[in-house]
Amino acid sequence: MNIIQEFDTIAAIATPVGTGGVGVIRISGSKSFEIIDKIYSKHNLEEGRISHGKIVDGEVVIDEVLILPFKNPKSYTGEDVIEIHCHGGINVVRNILELVLKNGARMAERGEFTKRAFLNKKLDLSQAEAVADLIHAKTRDFAKHSAKNLSGVLGKKIKEIRTDIFNVLSKIIAGIDFPEDVKEPEYDYLIEEFEKVIDKINKILSCANSSNIMRQGIKIAIVGRPNVGKSSLFNTLLNVERAIVTDIAGTTRDVIKETLDWDVAITLIDTAGIRDNEEIDKVEEIGIEYSKQSADEADLVLFLYDAAKGMTADDKVIFDLIKDKNHIVIANKADLTQNREEDVFYLSTVTKEGMDVLKDKIKQTAYNFSVEDTEFITNNRQQDCLEKCRESMIQSLNAAKIGELQDLISIDLKSALLYLDEITGEVITDEILNNIFDHFCIGK
Ligand SMILES: Nc1nc2c(ncn2[C@@H]2O[C@H](COP(=O)(O)OP(=O)(O)OP(=O)(O)O)[C@@H](O)[C@H]2O)c(=O)[nH]1
Ligand SMILES: [Mg+2]
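Keep in mind that what you see is a predicted model, and the values were worked out from it rather than measured.

About the thresholds
- Residues numbered from 1 in each chain as written.
- Chains lettered and ligands numbered in written order.
- Predicted model: local features only at pLDDT ≥ 70, side-chain atom pairs only at ≥ 80, totals over all residues.
- Heavy atoms only, no water.
- Helix = DSSP H or I, 4+ residues; strand = E, 2+ residues; numbered from the N terminus.
- Rg over C-alpha atoms; globule rule 2.2 N^0.38 Å.
- Buried < 20%, exposed > 50% of the residue type's maximum accessible area, 1.4 Å probe, protein only.
- Contact = heavy atoms within 4.5 Å.
- Donors = N, O, S within 2.8 Å, 3.2 Å for Na, K, Ca; no water.
- Axes fitted to C-alpha atoms, helices over the stretch in contact; angles between N-to-C directions.
- Parallel < 35°, antiparallel > 145°, perpendicular 65-115°, else oblique.
- Nonpolar A, V, L, I, M, F, W, Y, C, P; charged D, E, K, R; others polar.
- Salt bridge = Lys/Arg side-chain N within 4 Å of Asp/Glu carboxyl O.
- Pairing = 2+ DSSP bridges.
- Domains from an automatic or database assignment.

A.B. asks: What's the story with the overall build of the chain in this structure? I'm lost.
C.D. replies: Of the regular secondary structure elements, the chain holds 15 helices and 11 strands. Against the globule reference of 22 Å for 444 residues, the chain gives a C-alpha radius of gyration of 29 Å, more extended than a compact globule. Viewed in the frame of its principal axes, the chain has a C-alpha envelope of about 85 × 80 × 35 Å. By the burial criterion, 47% of the 444 residues in the chain qualify as buried. Of the contacts made within the chain by residues no fewer than 6 positions apart, 67% connect residues no fewer than 24 positions apart.

Structure, rendered in structure tokens:
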């Protein structure tokens, strides 16, 4: 049964702030129709029928709009919802929102529309989280996977595991409560069922690493002495002149990050050239400290030196900092020298020599980090719940193997069920709930 909870009426701008073709203001709650009635040129809106008219503040026309009315429970939030599609100028959208607020709605909080959809049982929690993933997806691949969760793939799998555990638990409890009529289940049967459940959990968790990579992407830092061409390479890989390039050593003084979508999300990081002499001032010193940190946190380091000068003692000092990390050593400015030593990877950001090979090398490393066929994507919260559930199941399994009292086994099974229920949101605390929806944007 769907229990629709009563809330106040909320409103927000649902489209990005800025100038665009269309702006959307969304209103949700029991007063939605009453509010639109006060500010719209037409009345008696029909559910599911688009209406064309004017938003008015008394005599003043604010904009010509399309209205999409949805009646509870057939809406995104499960409540009465009105969507106002107006012209996309930032001030038009704001004026309409202000009018809606003046007439009885309250400004929505982050993720409040989706939170209501969850509380009204339009979505389970794993689907609600998929909404946030979809909005924030850095790559098209991740967006596609999030869309799968939105349609409930993870939720379904969790429910399947829940049913497996629940069925065994019911048999155990029946045996305990009605010992005269129901025989307690055989231990071999319990062991078999528990192993099956643990296998299913393992399968979902085996995708955790690649989902984390898909979610966060891999970090690639470009590191080396000043003036070796780090920012030039950064710009070439991004295909835009993002970082300032000059022939002055010490041009880049801060860490610059940009995202690339090469199927895997890549965060490319340009750093300040590392050097140690008296010329450096406080700003550069801090920049260099950041460079070292970035190199430390990176999944892959592109280490650059000047091909014309060869690898100097100063280069080696920096190389020693990163040599234990996943790295590619690059002799840049290859156009300035005829030298072509074996085992040296020559690159030129000017002539683009070696650039395709470098891109392939980067992609190869990136793919090695992610597994192609990721069936399930999960976030840290879900992984944490699954790990705890697995822990309880392993305890149940060990107990079954030594023929422990089934009454005791049932306690671990019950806690395993609770962890699964946390994933879909059947049992959830306000704190967890607020934490999840805080990651949304206003209007979603
Ligand atoms: N000939 C040649 N010049 C290059 C190449 N790559 C970069 N340069 C030049 O080298 C100079 C320094 O380039 P940057 O990209 O600013 O070097 P950087 O490593 O970012 O330097 P810092 O930010 O000071 O650490 C600029 O004048 C670039 O035009 C290359 O492949 N060949
Ligand atoms: Mg630079």
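A.B. asks: What is the right way to look at the coordination of the magnesium ion (ligand 2) in this model?
C.D. replies: Note on metal sites: the ideal angle is 109.5 degrees for four tetrahedral donors, and 90 or 180 degrees for six octahedral donors. Around the magnesium ion (ligand 2), the protein contributes the donor atoms Ser-231 (OG) and Thr-252 (OG1), at 2.0 to 2.1 Å from the metal centre. With Ser-231 in helix H9 (residues 230-238) and Thr-252 in the loop between H9 and strand E8 (256-262), the pair connects residues that are 21 residues apart, well separated along the chain. The same class applies to Ser-231 as to Thr-252, namely buried.

A.B. asks: When you look at the packing of H9 against helix H12 (residues 355-369) in this model, what are you seeing that I'm missing?
C.D. replies: A packed helix pair is summarised by two numbers, namely the angle formed by the two axes and the spacing between the axes. Across the interface, H9 lies against H12 with an axial gap of 12 Å and an inter-helix angle of 75°. It follows that H9 is roughly perpendicular to H12 by the angle criterion. Residues Leu-233, Thr-236 and Leu-237 of H9 form the contact with H12, whose participating residues are Met-355, Leu-358, Lys-359 and Ile-362. Looking at the contact of H9 with H12 residue by residue, the class counts come to 5 nonpolar, 1 polar and 1 charged.

A.B. asks: When you look at the pattern of salt bridges in this model, what are you seeing that I'm missing?
C.D. replies: Opposite charge on two side chains lets them pair, provided their charged atoms get close. A complete count under the given rule lists 23 salt bridges for this structure. Residue Asp-124 pairs with Lys-159 through a salt bridge whose shortest N-O separation is 3.8 Å. Residue Asp-124 is found in the loop between helix H3 (112-119) and helix H4 (125-136), and its partner Lys-159 is found in helix H6 (residues 153-177); the two are separated by 35 residues along the sequence. You can call Asp-124 buried: its relative accessible area is 10%. Lys-159 gets classed as partly exposed once you look at its relative accessible area, which sits at 41%. Where Asp-421 meets Arg-162, a salt bridge forms, and the shortest distance between an N and an O atom there is 2.6 Å. With Asp-421 in helix H14 (residues 406-424) and Arg-162 in helix H6, this pair connects stretches of sequence that are 259 residues apart. Look at Arg-162 and you get partly exposed, because its relative accessible area is 27%. Several salt bridges converge on common partners, so that one network encompasses Asp-8, Glu-79, Arg-106, Glu-109, Glu-112 and Arg-116.

A.B. asks: Would you mind showing me how to read the environment of Cys-441 here?
C.D. replies: Along the chain, Cys-441 falls in the segment after helix H15 (430-437). You can call Cys-441 partly exposed: its relative accessible area is 29%. In the structure, Cys-441 is positioned 305 residues away from His-136 in sequence and 9.7 Å away in space, judged by C-alpha atoms. Those residues within four positions of Cys-441 in sequence are excluded, and the remaining contacts are Arg-110, Gly-111 and Ile-135.

A.B. asks: Would you mind showing me how to read the sheet that holds E8 here?
C.D. replies: The pairing of strands in a sheet happens through backbone hydrogen bonds and is either parallel or antiparallel. Reading across the sheet, the 5 strands line up as E8-E9-E7-E10-E11 and stay open at both edges, with mixed pairing between neighbours. Strands at the two margins of the open sheet, each flanked by one partner only, are E8 and strand E11 (327-332). Averaged over neighbouring strand pairs, the angle between their axes works out to 25° when direction is ignored. Pairing of strand E10 (residues 300-306) with E11, which is carried by 6 bridges, proceeds in the parallel orientation. Of the residues in E11, the one forming a bridge with Leu-302 is Ile-328. Relative to strand E7 (residues 218-224), helix H10 (residues 282-297) is tilted by about 135°, and along the sheet it contacts E7, strand E9 (264-270) and E10.

A.B. asks: Where do I start with the environment of Val-81 in this structure?
C.D. replies: Turning to its location among the elements, Val-81 is positioned in strand E5 (residues 81-87). The class for Val-81 is buried, based on a relative accessible area of 4%. Between the C-alpha atom of Val-81 and that of Glu-375, which follows or precedes it by 294 residues, the distance is 34 Å. Ignoring sequence-local partners within four residues, the contact set of Val-81 consists of Arg-26, Ile-27, Ser-28, Ser-32, Phe-33, Leu-68, Pro-69, Phe-70 and Ser-75.

A.B. asks: I would appreciate a short explanation of the domain arrangement of the chain in the present structure.
C.D. replies: The parts lose accessible area when they come together, and the size of an interface is often stated as this lost area. We note that the domain assignment places domain 1 (10-124), domain 2 (134-207 + 376-424) and domain 3 (216-369) within the chain. Distance from the C-alpha centre of domain 1 to the C-alpha centre of domain 3: 49 Å.

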